[in-house]
Amino acid sequence: SGAFVLIMSVMSGLNGNIHKRILKVEPHMVLNLQLPNKQAGKDLTNLENHPDWQKLKKFDKPGNKLEIRLVETQDVILRTVDGFFRGAEARSIDRESLSKILQDIYGGVDEIPGKGEIWIGADLARTLGVFEGDFILVIPPETLLLPQDQMPVFEKVRVAKILRSNVAEVDNGVLFYQRGLTLENFTQSASRKIGLEMRAPDPFDLSKYKKVLPEIQTWQDRNSALFHALKIEKIVIAIFLLMSGLIATF
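Residues numbered from 1 in each chain as written. Predicted model: local features only at pLDDT ≥ 70, side-chain atom pairs only at ≥ 80, totals over all residues. Heavy atoms only, no water.

Here we look at the pairing of strand β3 (residues 85–93)
With eight bridges connecting them, strand β2 (residues 67–80) and β3 associate as antiparallel partners. Each bridged residue has a counterpart across the sheet, and for L78 the counterpart in β3 is R86. The loop that links β2 with its antiparallel partner β3 comprises four residues; one of these, G83, has a positive phi angle of about 90°. Pairing geometry for β3 and strand β7 (residues 174–178), over five bridges, is parallel. Counted as the bridge partner of R91 is F176 from β7. (Pairing = 2+ DSSP bridges. Helix = DSSP H or I, 4+ residues; strand = E, 2+ residues; numbered from the N terminus.)

Dropping the structure here:
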């Protein structure tokens, strides 16, 4: 029984550590906004008047602050000077969110990516063979379908920092940049999504927000496959330990 309690306690601690690592780089909630065509391009002014944003602002009260920030995501293809290609997800967030990521991961704020600069996940950088200070080309995936005589859209960016978050999804396939300073020619990309990212006072109590806006994706929803695998692993190990204890008892 002692071994059972010890192993289950270690597994619970590991699960808690995984939760902490995810929350350092993932917002607590994400909501994609449905925008009219005239706003789906570069102009993102007056988004605070969006009905969904107004519903969420009702939760932002003194002593119970709900942080709401604009985020843009899109699929991109990265190409190095050596000719290596790799797909990734580009996330555009504001300076405050970038600073918080650095604070949570490294315990301090380093250089924030400026104009034409990006942060890139450590595993993604290793796969491409790039280092801090290197330049790479960012290409929207729909460019591959253009006729040969048409000039593709691309942007040359500098790798300002290689980010190691110990979250596989982020380290292996995400790049960050400061909104409005990089990838400005990608505003009409077919994969571009505009939404809100939110951080609540309690990341484990998010049901009240989903009641108001069921389309919200929580950090548990976005990582449901990982959490399900951890739960199954915990159950299987518990069964084996229980069977071992019963055999020893008999």
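Focus on a nonpolar patch on the surface
Taken together, I232, I235, V236, I239, F240 and M243 make up a surface patch of nonpolar side chains, about 550 Å² in accessible area. Along the chain, I232 falls in helix α8 (residues 224–249). We classify I232 as partly exposed; its relative accessible area is 40%. (Patch = residues over 30% accessible without salt bridge, like charges linked within 9 Å, V, L, I, M, F, W, Y side chains within 5 Å. Areas by Shrake-Rupley, 256 points an atom, 1.4 Å probe, with all protein chains shown as cover. Salt bridge = Lys/Arg side-chain N within 4 Å of Asp/Glu carboxyl O. Buried < 20%, exposed > 50% of the residue type's maximum accessible area, 1.4 Å probe, protein only.)

A few points about the nonpolar core
Ranked by internal contacts, the top residues of the largest apolar core, which has 39 residues, are L56, L66, W119 and F176. Here L56 is in contact with L31, L66, I68, L196, M198, L213 and I216, once residues within four sequence places are set aside. In this structure, V76, I118, V130 and V159 belong to the second largest nonpolar core, which totals 18 residues. (Core = buried A, V, L, I, M, F, W, Y, C linked by side-chain atoms within 4.5 Å. Contact = heavy atoms within 4.5 Å.)

With respect to the packing of aromatic side chains
All chains considered together, the criterion is met by three aromatic pairs. Ring geometry for W219 against F227: centres 5.6 Å apart, planes inclined by 90°, an arrangement best described as edge-to-face. Here W219 matches F227 in class, with each residue buried. Through pairs of rings, three or more aromatic residues link up here, namely F204, W219 and F227. Over the ring of F135 we find K156; its NZ or CZ atom is 5.2 Å from the centre of that ring. (Phe/Tyr/Trp six-rings, centres within 6.5 Å; stacked < 30°, edge-to-face > 60°. Lys NZ or Arg CZ within 6 Å of the ring centre and 35° of its normal.)

Observations regarding helix α3 (residues 95–106)
Helix length check: α3, at twelve residues, gives a terminal C-alpha distance of 16 Å against a target of 16 Å (1.5 Å per residue), a fit within 8%. Buried residues of α3: S97, L98, S99, I101, L102 and I105, and no others. Of the residues flanking the end of α3, it is G107, one or two places downstream, whose phi is positive at about 80°. (Expected span 1.5 Å × (residues − 1).)

Section: the side chain of D171
Locating D171 in the fold gives a position in helix α5 (residues 168–173). An unpaired buried charge is present at D171: no salt bridge exists, and R164, the closest side chain of opposite charge, is 4.4 Å distant. (Lys, Arg positive; Asp, Glu negative; His and termini not counted.)

Some remarks on α8
With 26 residues, α8 should reach 38 Å at 1.5 Å per residue; the first-to-last C-alpha distance of 37 Å fits that figure. Listing the buried residues of α8 in full gives F227, L230 and A238.

Here we look at the pairing of β7
Counting buried positions along β7 gives five out of five residues, so the element sits mostly inside the fold. As judged from the two bridges shared by strand β4 (residues 117–121) and β7, these two strands associate in the antiparallel manner. Considered in β7, the bridge of I120 is made with L175.

Some words on the pattern of salt bridges
All told, the structure shown has eleven salt bridges when counted by the stated rule. Of the charged contacts, one joins E184 and K115 as a salt bridge, the two residues approaching to 2.8 Å between their closest N and O atoms. With E184 in the loop between β7 and β8 (193–199) and K115 in the loop between α3 and β4, this pair connects stretches of sequence that are 69 residues apart. We classify E184 as partly exposed; its relative accessible area is 28%. You can call K115 exposed: its relative accessible area is 61%. One continuous salt-bridge network, built from bridges that share partners, spans E26, E89, R91 and R222.

With respect to unusual backbone geometry
A positive phi angle, near 65°, is found at N166, a position not held by glycine. Along the chain, N166 falls in the loop between β6 (155–163) and α5. A positive phi is found at L183, a non-glycine position, where the angle reads about 55°.

None of this, on its own, says anything about what the molecule does.
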